[in-house]
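The lines below spell out each chain.
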Amino acid sequence: MAKTLEMLVNTLARNVEKHKEMTSGNLAFAEAMRQINPDVVAAYPITPSTEIPMRFAEFVADGQVDTEYVAVESEHSAITACVGASVSGGRVMTASSANGVGLMHEVFPIAAAFRAPIVFGLVNRSLGAPVNIHCDHSDSMPERDSGWVQIYCEDAQEVYDTALLSVRLAEHKDVLTPVFVCQDGFITSHCYEAVEMLSDEAVKEFVGERTPHYPLLDVDNPVSYGSFVMSEHYFEIKRNQMEGMFNVPRVYDEVSKELAAYTGREYPMLDCYRTEDAEYVVVIMSSAAGVVKDVVDDLRNRGIKAGCLRVRMFRPFPREAVKDALAGKKGVAVLDRSASIGGTAPIASEVKSALYDLSEKVPVQEYIFGLGGRDFFPKDAEMVFEMLEENDYTSDARFIGLLEGDK
Amino acid sequence: MVNTAYTTIEVRWHGRGGQGAKSASAILAEVLFEEGKHVQAFPEYGAERQGAPIRAYNRVSNTPIRRRCGVQNPHIVVVVDPTMVESANPSEGCREDAIYLVNSTEDAKVLRERLNLSKAARVLAVDATKITLEELGQNRPNAPLLGALSHVFTDVSVDAFVEHFVSKMRQLPAPVLEANKRAILRGREEAIIA
């Protein structure tokens, strides 16, 4: 806290240099990478995140960064190289999407258990089959139990800010956990819009240098990674790993306040838009939150107490904050952009679980929307609020915008 | 020319892959951003191949833009390819008072009939293909269409369009740049409003 205040005072005194430019979610992430100047980037490009390694490779070729860029032959190799570089003590970043993320799956829990603070630009795209290049969250959701932090961004500005923030969050000695910075494929990654960026000096000052803990290259203090561990100790090691994730909310709060002193923007783990006095709340993630917020304003003008709860931090899931935000509501609809086939969709499952402790039940309706890039319009959000007002619930998930009908 | 009662102006571009509709929407967004507007530019990504029909969109507002869905009810429609007047159904979902900018050799009144528009709608016709064939020796209709759009976004001068185009295309050889500048100005001058 003292450090935050100090930063704030410094900022006011220094007047941080910023500029606004037209860019996209992908290019904003790549620009943040240039300013962060990581030690190692290993990547294997895939749509829609291709522009991130493509632009970054240009920075490397033009000598704008000192990064060791490792062009590999698959996503599995990309993330493996990242893990090796990270545990050696380097600051490491990469990016991928869809089946590329799927191919990395085996290595994600290893990265997390090695406490390798990799920052990963995950541009959300549906998992095949059928082959589809457009957005849904079916690539990142299978990784929700891989031990990585997951942050979902609403727009390109948030992508840029979150990239900077995540370096500090991941590398913090109390966290040491890799971070996915998620953005919606095409919708955010390819939309051309204005983003305010800090000067290179300000970014350099904010991210600082990585202080590695137990690096492989510290030959005076040799350590071993990837050892074989029997049942006697495996459980304890996994329990110990969880501490890093448990510390995320506290460190996130500190680091995001510190970044806010530079940018003037702060993103809480939950974006509570007009939820405080709302009767009906839609819970959603990423880019589709914008249209829900527009509909909330329209409904408010018509006297309907609507609100939008955007989940920005999905791992760790801010359970207590969700419970506090939704307690006492007349109705809640949770909109997932992925399905857990045969089970409850990821966000709905978390929200229902968070509300379980409440003495007074809050009704929750589960919706699936937007798979494979199916667009989500104001009329869709209006329909969801209307059904909440009509107290219309089903025990199964409903589907929004299906050609064969919603039910 | 745009009804200022609308808080956000939405634009839909109809073109063919390789014609530059996506670039044109991005340049329009940049010009309006330079003029202090909040903007978005995004194409509809499908199977990308030369000549396939494509759509691109803009949103322009004086306040931050939150929605990111496709544009369904545009205020402004730009038809980059003359053959798309019927095939792309440019008036789909449009507002009554929408403005249509069409790259066409035809008279704006004829286009109004072909598009089957109400009295509230307005049509701007400009032969952008002819202009760029004469000025650049290539069919690249973007520059004249952007020039003609300065009739629509009246708070942006045609000079702003030209200046922005020039600063973005600085790497082009001087004669090409000059030709583009002339194409923008001719687009504005030769656009016929009905």
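Residues numbered from 1 in each chain as written. Chains lettered and ligands numbered in written order. Predicted model: local features only at pLDDT ≥ 70, side-chain atom pairs only at ≥ 80, totals over all residues. Heavy atoms only, no water.

Description of a negative patch on the surface
Residue and element names in this part refer to chain B.
And then number 1: On the surface, Glu34, Glu35, Asp159 and Glu163 cluster together into a patch of negative charge.
And then number 2: Here Glu163 shows up in helix H6 (residues 158–168).
And then number 3: For Glu163, a relative accessible area of 57% translates into the label exposed. (Patch = residues over 30% accessible without salt bridge, like charges linked within 9 Å, V, L, I, M, F, W, Y side chains within 5 Å. Areas by Shrake-Rupley, 256 points an atom, 1.4 Å probe, with all protein chains shown as cover. Salt bridge = Lys/Arg side-chain N within 4 Å of Asp/Glu carboxyl O. Lys, Arg positive; Asp, Glu negative; His and termini not counted. Charge placed at Lys NZ, Arg CZ, Asp CG, Glu CD. Helix = DSSP H or I, 4+ residues; strand = E, 2+ residues; numbered from the N terminus. Buried < 20%, exposed > 50% of the residue type's maximum accessible area, 1.4 Å probe, protein only.)

Describing the sheet that holds strand S5 (residues 119–124) of chain A
Residue and element names in this part refer to chain A.
And then number 1: Strand order across the open sheet formed by 7 strands is S3-S2-S4-S5-S7-S6-S12, with mixed pairing between neighbours. Lying at the two open borders of the sheet, with one neighbouring strand each, are strand S3 (68–71) and strand S12 (313–315). Pairs of neighbouring strands in the sheet enclose a mean axial angle of 20°, with direction left out of account. (Pairing = 2+ DSSP bridges. Axes fitted to C-alpha atoms, helices over the stretch in contact; angles between N-to-C directions.)

Considerations on the side chain of A:Glu258
And then number 1: Structurally, the position occupied by A:Glu258 is in helix H10 (residues 248–263).
And then number 2: Of the polar contacts made by the side chain of A:Glu258, one reaches the side chain of A:Arg168; its length is 2.8 Å. (Polar contact = N/O pair within 3.5 Å; in protein donor to acceptor, adjacent residues only side chain to side chain.)

Digging into the nonpolar core
Residue and element names in this part refer to chain A.
And then number 1: Counting residues in hydrophobic clusters, the biggest one holds 49 residues, and the most contacted among them are Tyr160, Leu164, Leu169, Leu198 and Tyr252.
And then number 2: Looking at this core element by element, the count peaks at 9 residues for helix H7 (residues 156–171).
And then number 3: Apart from the residues within four sequence positions on either side, Tyr160 is in contact with Ala28, Ala32, Gln35, Val195, Glu196, Met197, Leu198 and Val203.
And then number 4: In this structure, Ala78, Val87, Ala112 and Leu122 belong to the second largest nonpolar core, which totals 46 residues. (Core = buried A, V, L, I, M, F, W, Y, C linked by side-chain atoms within 4.5 Å. Contact = heavy atoms within 4.5 Å.)

A few points about the packing of helix H2 (residues 25–36) of chain A against helix H8 (residues 200–207) of chain A
Residue and element names in this part refer to chain A.
And then number 1: It is the contact of H2 with H8, at a shortest axis distance of 9 Å, that shows an interaxial angle of 70°. It follows that H2 is roughly perpendicular to H8 by the angle criterion. Contacts between H2 and H8 pair Arg34, Gln35 and Ile36 from the former with Asp200, Val203 and Val207 from the latter.
And then number 2: Looking at the contact of H2 with H8, its residues break down into 3 nonpolar, 1 polar and 2 charged. (Parallel < 35°, antiparallel > 145°, perpendicular 65-115°, else oblique. Nonpolar A, V, L, I, M, F, W, Y, C, P; charged D, E, K, R; others polar.)

Things to note about empty space enclosed by the protein
And then number 1: Under the definition given, this model contains 2 cavities of 30 Å³ or more.
And then number 2: One number sums up the size of the largest cavity: a volume of about 80 Å³.
And then number 3: Lining the largest cavity are A:Ile187, A:Ser287, A:Ala288, A:Val291, A:Arg337, A:Asp375, A:Phe376, B:Arg68 and B:Cys69.
And then number 4: Within the lining of the largest cavity, the residues separate by chemical class into 5 nonpolar, 1 polar and 3 charged. (1 Å grid on protein atoms, 1.4 Å probe; cavity = no way out; pocket = protein on both sides within 12 Å on 5 of 7 lines; lining within 4 Å. Points joined across faces, edges and corners; volume = space filled by probe spheres on them.)

What about the interface of chain B and chain A?
And then number 1: Each side of the interface is counted separately: chain B has 17 residues, and chain A has 25 residues.
And then number 2: Of the roughly 1800 Å² buried between chain B and chain A on both sides combined, carbon and sulfur atoms contribute 57%.
And then number 3: When the area that chain B buries against chain A is broken down by residue, the three leading residues are B:Tyr45, B:Arg66 and B:Arg68, summing to 43%.
And then number 4: Joining chain B to chain A, the criterion identifies 4 salt bridges.
And then number 5: Ionic pairing is found between A:Asp294 and B:Arg66, a salt bridge with its closest N-O pair at 3.0 Å.
And then number 6: Inspection of the region where chain B meets chain A yields 10 residue pairs in polar contact (both at pLDDT 80 or more).
And then number 7: Considering each element in turn, the side of chain B that touches chain A owes the most residues, 5 residues, to strand S2 (residues 38–43) of chain B.
And then number 8: Its residues assigned to classes, the side of chain B that touches chain A shows 9 nonpolar, 3 polar and 5 charged.
And then number 9: Relative to S2(B), strand S8 (residues 192–198) of chain A runs antiparallel, the two being bridged by 2 bridges. Each residue of the ladder has a partner; that of A:Tyr192, found in S2(B), is B:Ala41. (Buried area = accessible area lost by both parts, 1.4 Å probe.)

Focus on the pairing of strand S14 (residues 364–368) of chain A
Residues and elements named next belong to chain A.
And then number 1: A large share of S14 lies buried, amounting to 5 of its 5 residues.
And then number 2: What you see with S14 is no split at all: Val364, Glu366 and Ile368 on one side and Gln365 and Tyr367 on the other are buried throughout.
And then number 3: The handedness of the strand S13 (residues 331–336) to S14 crossover, carried by helix H13 (residues 346–355), is right-handed.
And then number 4: Bridge analysis of S14 against strand S15 (residues 398–399) gives 2 bridges, and the strand direction is parallel. (Right-handed = clockwise from strand over helix to strand, strands pointing away.)

As for the domain arrangement of chain A
Residues and elements named next belong to chain A.
And then number 1: Considered domain by domain, chain A is made up of domain 1 (2–263) and domain 2 (270–399).
And then number 2: A straight line from the C-alpha centre of domain 1 to that of domain 2 covers 28 Å.
And then number 3: The interface is formed by 27 residues belonging to domain 1 together with 23 residues belonging to domain 2.
And then number 4: Summed over both sides, the interface between domain 1 and domain 2 buries roughly 2000 Å², with carbon and sulfur atoms accounting for 54% of that surface.
And then number 5: When residues of domain 1 are sorted by the area they lose upon contact with domain 2, Arg144, Tyr152 and Glu154 head the list and together hold 31% of the total.
And then number 6: Summed over the shared surface of domain 1 and domain 2, the result is 5 salt bridges.
And then number 7: Taking the shortest distance from any N to any O, the salt bridge between Lys293 and Glu154 comes out at 2.8 Å.
And then number 8: Counting across the domain 1 and domain 2 interface gives 16 residue pairs in polar contact (both at pLDDT 80 or more).
And then number 9: Every element with two or more residues in the side of domain 1 that touches domain 2 is listed here: strand S6 (149–152), H7 and H10.
And then number 10: Broken down by element, the side of domain 1 that touches domain 2 gets its largest block of residues, 4 residues, from S6.
And then number 11: Here the residues of the side of domain 1 that touches domain 2 are counted per class, giving 13 nonpolar, 8 polar and 6 charged. (Domains from an automatic or database assignment.)

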